Amino acid sequence: MAKYDYDLFVIGAGSGGVRAARLAAMSGAKVLVAEEHRVGGTCVIRGCVPKKLMVYASEFSHSFETAKGFGWTIDNARFDWSEFLREKDKEIARLSGVYVRNLENAGAELVHGKARLVDAHTVEVEGHGPATADKILIATGGRPWMPQELPGIEHGISSNEAFHLTELPKRIVIAGGGYIAVEFACIFNGLGVETHLVHRGPNILRGFDDDIRTHVTEEMGRRGVKVILATQHEAIEKTATGLVSRFTGGHHCESDVVMFAVGREPYVEGLGLETAGVKLDERGAVVVDEYSRSSAPNIWAVGDVTNRINLTPVAIREGHAFADTVFYDRPTSFDHETVASAVFSQPPVGTVGLSEADARHKYGKVDIYLTRFRPMKTAFAGEDERCLMKLVVDQASQKVVGCHIVGPDSAEMIQMAAIAVKIGVTKPQWDATCAVHPTLAEELVTLREKYMPPGLGHAA
Ligand code: NDP
């Protein structure tokens, strides 16, 4: 007789949970997965995937403008929001189904309902009763954080609702300056919505390289997003004609929708983690070691609920490493250094490694290579849009420690550049790579002249 009903109980069927559950089940373990909402988690249901589809939909307006410069006449181009939402929802349902099938094919069982730990080995799933498990994996992800104390916050929405607006608004105010705020501001602007992005700081995308931050802000402005910095909401008031956002400093702005993208929080509410002795940090994230093990010896956690690097591929790798360690006897810890990411703004950002500021802090002296140029395609069409590419090189070792790109296809380029930065190639090795012509990416391997940041003189 087995001591427990299951070898592994996974709470949360998002990217991290599903990867871990599938691999564990394929090792022969008896696995149960509980999911409160739809299988697929944030990425598939209300994050990366529907967001990218919205980016694609939104980008056409700019493409149509560029096409005119190439001799095209485009009459009566119209966008049907409801039609797009229907198709988007069909695709999300299809992908969620793929996740369910993948779990089933691996031999894992799936149950729908909110799960709550009763003790370190017992999980109660709403409507299904308790089940016991030898090991438990918390993979419940995160959820939007809303400033609940703000007067009128009940009129605001989060990214969750932005995927399901019944009508495309004419005007939107988006609060925040991180990935989600910037991406959605560009999406709505591209769809013809008058868009204000309102951020409390002096510049958007804190933590990114400063040249990138400034460049993206300028390019977003060029495309029509109204970026308002150094202010934040004091209140939202509903009037006969819309929602009035009142900001610090006395400004105000009327819109049809006010969206908050001011951060996300680990989703631990109601999980009963305290009863099992699972420690949380001051932000509510599950504290784990390098093998994703929590303070309770039989409980692990992966993905956004641990608030390490909140990206889908990271959650997947953490889930995979967990399964390798615990079910395949291959102790594996995911290396959180030098993880590339992209902001799907318009134009997009691709980034890997250290910003110039962080590299100066870490290495002292750095060499900077930077170029700003008009891409052939849009320059031909008479547009003023500019690309920015920047390499950050540790002066002593000549290793490329940071690569940052703003411009078309930068998300695709950075995936390749990340291989080189991750293995630590030097600038001479980087330069030995022959260009592919004519491309934007060739600019990356033909950067020869050091860039002297204004004000730094020879101290660089
Ligand atoms: P971020 O943490 O990236 O950004 C939050 C933003 O909200 C910051 O600009 C922050 O300002 C601002 N903010 C925080 N608190 C307040 C407040 N009280 N009032 C006003 N502004 C506030 O969160 P996001 O929600 O944009 O994204 C969450 C995470 O999801 C990201 O960090 C990323 O890991 C992931 N993600 C990744 C994507 C991708 O890979 N393309 C896409 C979307 C999300 P300040 O800078 O001053 O702190």
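The structure under discussion appears in the preceding block.
Residues numbered from 1 in each chain as written. Predicted model: local features only at pLDDT ≥ 70, side-chain atom pairs only at ≥ 80, totals over all residues. Heavy atoms only, no water.

Draft legend 1. Broad picture of the pairing of strand S12 (residues 233-238). By the bridge criterion, five bridges tie S12 to strand S13 (residues 243-247) in an arrangement that is antiparallel. Counterpart to glutamate 237 in the pairing with S13 is valine 244. Counted along the chain from S12 to the antiparallel partner S13, the turn is four residues long, and its residue glycine 242 has a positive phi close to 160°. (Pairing = 2+ DSSP bridges. Helix = DSSP H or I, 4+ residues; strand = E, 2+ residues; numbered from the N terminus.)

Draft legend 2. Structural detail: the packing of helix H1 (residues 15-26) against helix H8 (residues 312-327). Relative orientation of the contacting elements H1 and H8 amounts to 25°, with a least axis distance of 7 Å. As summarised for this structure, H1 and H8 are arranged roughly parallel, according to the angle between their axes. Here H1 and H8 pass one another in a crossing that is right-handed. Where H1 approaches H8, its residues Ser15, Gly16, Arg19, Ala20, Leu23 and Ala24 are matched on the opposing element by Thr312, Ala315, Ile316, Gly319, His320, Phe322, Ala323 and Phe327. Here the residues of the contact of H1 with H8 are counted per class, giving eight nonpolar, five polar and one charged. (Axes fitted to C-alpha atoms, helices over the stretch in contact; angles between N-to-C directions. Parallel < 35°, antiparallel > 145°, perpendicular 65-115°, else oblique. Left-handed = near helix turned anticlockwise from the far one by under 90°. Contact = heavy atoms within 4.5 Å. Nonpolar A, V, L, I, M, F, W, Y, C, P; charged D, E, K, R; others polar.)

Draft legend 3. Structural detail: the site of the ligand. The environment of the ligand is formed by 19 residues, the closest being Glu183, Arg200, Arg206, Asn310 and Ala342. Glutamate 183 places a polar side-chain atom, nitrogen or oxygen, 2.9 Å from a nitrogen atom of the ligand. Here an oxygen atom of the ligand and a backbone polar atom of glycine 263 are 3.4 Å apart. For the ligand, whose free accessible area comes to 920 Å², the fraction covered by protein is 76%. Considering each element in turn, the shell around the ligand owes the most residues, three residues, to helix H6 (residues 179-190). (Near = heavy atom within 4 Å. Polar contact = N/O pair within 3.5 Å; in protein donor to acceptor, adjacent residues only side chain to side chain. Areas by Shrake-Rupley, 256 points an atom, 1.4 Å probe, with all protein chains shown as cover.)

Draft legend 4. Highlighting the sheet that holds strand S10 (residues 194-198). Ordered in space as S8-S15-S9-S10-S11, the five strands form an open sheet in which the pairing is parallel. This sheet does not close on itself; its edge strands, each paired only once, are strand S8 (156-157) and strand S11 (226-228). Pairing geometry for S10 and S11, over three bridges, is parallel. In the strand pairing of S11, histidine 196 is matched with lysine 226.

Draft legend 5. Expanded view of the packing of aromatic side chains. Under the defined criterion, the tally for this structure stands at 11 aromatic pairs. Plain terms: the ring middles of tryptophan 81 and phenylalanine 84 are 6.3 Å apart, the flat faces sit at 40° to each other, and that makes the pair tilted. Separated by three residues within a single helix, tryptophan 81 and phenylalanine 84 lie in helix H4 (residues 81-106), roughly one turn from each other. By relative accessible area, which is 14% here, phenylalanine 84 ends up buried. Their ring planes at 35° and their centres at 6.2 Å tell us that phenylalanine 184 and phenylalanine 188 sit as a pair that is tilted. Within this pair, phenylalanine 184 and its partner phenylalanine 188 are both found in helix H6, separated by four residues, close to a single helical turn. In this structure phenylalanine 184 comes out as buried when scored by relative accessible area, which is 2%. Note on phenylalanine 188: relative accessible area 0%, which makes it buried. Taken together, the ring pairs in this structure connect Phe79, Trp81, Phe84, Phe163, Phe184 and Phe188 into an aromatic cluster. One Lys or Arg, lysine 30, reaches over the ring of tyrosine 6 and ends 4.6 Å from the middle of that ring. (Phe/Tyr/Trp six-rings, centres within 6.5 Å; stacked < 30°, edge-to-face > 60°. Buried < 20%, exposed > 50% of the residue type's maximum accessible area, 1.4 Å probe, protein only. Lys NZ or Arg CZ within 6 Å of the ring centre and 35° of its normal.)

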